[in-house]
Amino acid sequence: MTGQTLIHLQDVSKRFVKGKDTITIFDHLGLTIPVGDFVAVMGPSGSGKTTLLNLLGGIDQPTEGAITFDGARVDTLTEGQLARWRAHNVGFIFQFYNLMPTLSAARNVELPLLLTSFGRAERRRRVEAALSLVGLAERASHYPREMSGGQQQRVAIARALISDPKLLLCDEPTGDLDRATADEILAMLQLLNREMGKTIVMVTHDPEAAKYARRTLHLDKGRFTERDLVA
Amino acid sequence: MRVFNEIAVVTVICIKSIPQRFWASLSTVVAVGLVVTVLLAFLAMAAGFQQTLRGTGAKDMAILMRAGAQAELNSGVSRDQARLIEEAPGVLKGPDGKPLVSPELYVIVDAVKKSALPDDGNMKKAPKSNVTLRGLGPAGIAVRPGLKIVEGRRFTPGTNELMVGRALQKDFVGMNLGDTVKLGNASWVVVGVFELDGSVFESELWADTPVVQDLFHRQNVFQSIRARLTSPDALLALKDYAANDPQLKLDVTTEADYYAQQASRTSDLIQKLGWPLAIAMAFGALAGALNTMYSSVAARAQEIATLRCIGFSGTSSFLGTLAESLVLSLAGGILGALVTWAAFDGLTASTLSGTTFSQIVFTFRLTPAVALQGVILALIVGFVGGFFPAWRAARIPIVEAYGTP
């Protein structure tokens, strides 16, 4: 880790209005994630893990407070600006892989590059490199239904990496996999963090998965319970 | 380029996912196809009818009828008026030096369609249809140079002999060469079958004017006068001549214009029946398309949300979903056009003309312009049926990406 801050949440509150009730998820939450960190976020259901991931990924906006990414505010961006920001800065890895079933592995991995100005040849070269990195170069033309869960998650990792984002957000990335395959995927994420310097935030219920992270944050009722980890 | 890539890939994803909802998609295609078939059947009928009537008239043939008469049926022209027209300027003369002017009688008679004949073949039980019996003078055939007698011969003046149009012969009972036909109180013998460029005359019976006048008690009265002109421009001289002679209270027009007007009246009526029916049915197809597309959006909610999460815009989701709907409806439109072509194109039918009150035999024509109208209706159904689901697709919350598969 360099010590340089990648993400900073300052006094972030998030409230939802449901009927006549207002539900508070976060109340003046603070968090700093340095470049090159690998953070596991654990906590019971309803503790706000997914909401935190949404805020970090620019999928949702805070009700109050500021979110900065690489020194720039992202909580003030419009929907369209956020979409472009996500395309360049964030890679998403989901529990159920979220591959497009009608596209081959290569076409799935290529998706984020379609939002860039790269030409077809450059896109192909990058897709081949990304699939090689996750050990699936020979599976480029296969469709998701022709691959195991572990292979699909590796394709999803290749897709998350293809546009070289600074941040990887993982939502239960091993929740649908057996232990051995889960360990393979986690080892790969660890490698991406240590060798390629990717900053990773991973939501998980699995304490074994959390061990692969550099540190673990415990969320409960919208607050981190290990105060020393909170900025 | 980036935006194009974005839209193209979402469109491909949407279209490639159609087989995942095969039966729902197929039902939409069939429903749209049915709507298009109904519409195109009517339009092909109107086009065929119009083609038959518009192909009838010649620009250098004048038709003269009583002033204000909309059709030959309600016109009346005297023998004296016919004589005056023979001396009019602009009228072409035949090789014998006589003017090519044909006073014609127009009588409605009964005949039985082959399709209306009962199984036991009893003509008396069969419903009757109106057909035109045209009384022609000696110049009647000379003014129609395209006439071809394909079977038999011309009628002999002064006899109860008939010539039958080819279309009428095919569609009606007892109109073959040598058959005896009862018209009014007299029996007639078919001695010839003629063709005339597929025109409306092929739906008529022709006989000698004096005999028809005698048997139908129409002495010294005709319904119209046809006069072959030296050129289409000569119509003006003939019009001036008729307007300046107080004995000639006649409307003068070209035969081409007369039949074009007749065609548009009836084909307008057919279209006015066809379009509302098709539009009413289109609402049913629209409900099917909406249902299919909402199902499609619901089934792909996680895919759409994932693409949005990656950075794709809501616009690409909107256009991709709309494209899926348009592809389904286009398939329905093409299916409808193909079914219409297979089932109706070239089919011969007859219908009662609204102005002549007689049967006109025509052929359904599915022209490219007609087929295009059906495809456009299909695309409208697809557009409306896809618009609202596409709107929903564009507004799917991105957090749906985290859902269960």
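Look up a bit, the structure's there.
The structure displayed is predicted, hence computed values, not measured ones.

Q: Even after reading the chapter, I still don't get the overall build of chain B, so can you show me in this structure?
A: From N to C terminus, chain B includes 11 helices and 14 strands. A compact globule built from 405 residues would reach a C-alpha radius of gyration of about 22 Å, whereas chain B, at 30 Å, exceeds it by more than 25%. Counting only C-alpha atoms, chain B reaches 95 × 55 × 30 Å along its principal axes. Put simply, chain B has 405 residues, and 53% of those count as buried. Intrachain contacts of chain B at a sequence separation of at least 6 include 79% that bridge at least 24 residues.

Q: Would you explain the pattern of salt bridges in this entry?
A: Pairs can form between side chains of opposite charge once their charged atoms are near each other. The full count for this structure, using the stated rule, is 29 salt bridges over all chains. A:Arg73 is the partner of A:Asp75 in a salt bridge, and the nearest nitrogen-oxygen pair spans 2.7 Å. Here A:Arg73 falls in the partly exposed class, since its relative accessible area comes to 42%. In this structure, A:Lys211 engages A:Glu208 in a salt bridge whose closest nitrogen and oxygen atoms are separated by 3.0 Å. Given the relative accessible area of 59%, A:Lys211 is considered exposed. You can call A:Glu208 partly exposed: its relative accessible area is 38%. Residues participating in the shared-partner salt-bridge network are B:Glu72, B:Glu104, B:Arg134, B:Arg144, B:Glu204, B:Arg226 and B:Glu255.

Q: Please explain the nonpolar core as it appears in this structure.
A: One recurring pattern in soluble globular proteins: nonpolar side chains tend to sit buried together. Residue and element names in this part refer to chain A. Judged by nonpolar contacts, the single largest core of 41 residues is most densely connected at Ile7, Leu9 and Leu52. For this core, the element with the highest residue contribution is strand S2 (residues 21-34), accounting for 5 residues. Residues in contact with Leu9, not counting those within four places in the same chain, are Leu29, Gly30, Leu31, Leu52, Leu56, Ala66 and Ile67. Within the second largest apolar cluster, 37 residues are counted, among which are Tyr97, Val134, Cys170 and Ala209.

Q: Help me understand the packing of aromatic side chains, please; the structure alone is not making it clear to me.
A: Each aromatic ring pair is described using two quantities: the centre-to-centre distance and the angle formed by the ring planes. Scanning the model with the defined rule gives 11 aromatic pairs over all chains in all. Seen from their ring centres, B:Phe318 and B:Trp391 are 6.4 Å apart, and the 90° between their planes marks the pair as edge-to-face. Of this pair, B:Phe318 sits in helix H10 (residues 314-343) while B:Trp391 sits in helix H11 (residues 368-394); the two residues are 73 residues apart in sequence, bridging distant segments of the chain. Taking the relative accessible area as the measure of exposure, B:Trp391 reaches 47% and is therefore partly exposed. Considering the side-chain rings of B:Phe387 and B:Trp391, the 6.4 Å spacing of their centres and the 15° angle between planes classify their relative orientation as stacked. Taken together, the residues B:Phe387 and B:Trp391, both in helix H11 and 4 residues apart, mark about one turn of the helix. On the basis of relative accessibility, which here comes to 28%, the residue B:Phe387 falls in the partly exposed class. Sitting over the ring of A:Tyr143, A:Arg145 keeps its end group 5.0 Å from the ring centre. Stacked on the ring of B:Phe201, the Lys or Arg B:Arg144 has its end atom at 4.5 Å from the ring centre.

Q: Got a minute to help me understand the interface of chain A and chain B in this structure?
A: The extent of an interface is frequently quoted as the accessible surface area lost upon association of the parts. Listed by partner, the interface residues are 27 residues for chain A and 24 residues for chain B. When chain A packs against chain B, close to 2,400 Å² is buried across both sides, 65% of that on carbon and sulfur atoms. On the chain A side of the interface with chain B, the three residues burying the most area are A:Met100, A:Thr102 and A:Leu115, jointly 25% of the side's total. Linking chain A with chain B are 1 salt bridge, by the criterion used here. The salt bridge partner of B:Arg308 is A:Glu79, with a shortest N-O separation of 2.9 Å. At the junction of chain A and chain B, the tally comes to 5 residue pairs in polar contact (both at pLDDT 80 or more). Mapped by element, the contributors of at least two residues to the side of chain A that touches chain B are helix H1 (49-56) and helix H2 (79-89) of chain A. Considering every element that reaches the side of chain A that touches chain B, the biggest residue donor is H2(A), with 5 residues. Of the residues that constitute the side of chain A that touches chain B, the class distribution is 15 nonpolar, 5 polar and 7 charged.

Here is what the cut-offs are and how they apply
Residues numbered from 1 in each chain as written. Chains lettered and ligands numbered in written order. Predicted model: local features only at pLDDT ≥ 70, side-chain atom pairs only at ≥ 80, totals over all residues. Heavy atoms only, no water. Helix = DSSP H or I, 4+ residues; strand = E, 2+ residues; numbered from the N terminus. Rg over C-alpha atoms; globule rule 2.2 N^0.38 Å. Buried < 20%, exposed > 50% of the residue type's maximum accessible area, 1.4 Å probe, protein only. Contact = heavy atoms within 4.5 Å. Salt bridge = Lys/Arg side-chain N within 4 Å of Asp/Glu carboxyl O. Core = buried A, V, L, I, M, F, W, Y, C linked by side-chain atoms within 4.5 Å. Phe/Tyr/Trp six-rings, centres within 6.5 Å; stacked < 30°, edge-to-face > 60°. Lys NZ or Arg CZ within 6 Å of the ring centre and 35° of its normal. Buried area = accessible area lost by both parts, 1.4 Å probe. Polar contact = N/O pair within 3.5 Å; in protein donor to acceptor, adjacent residues only side chain to side chain. Nonpolar A, V, L, I, M, F, W, Y, C, P; charged D, E, K, R; others polar.

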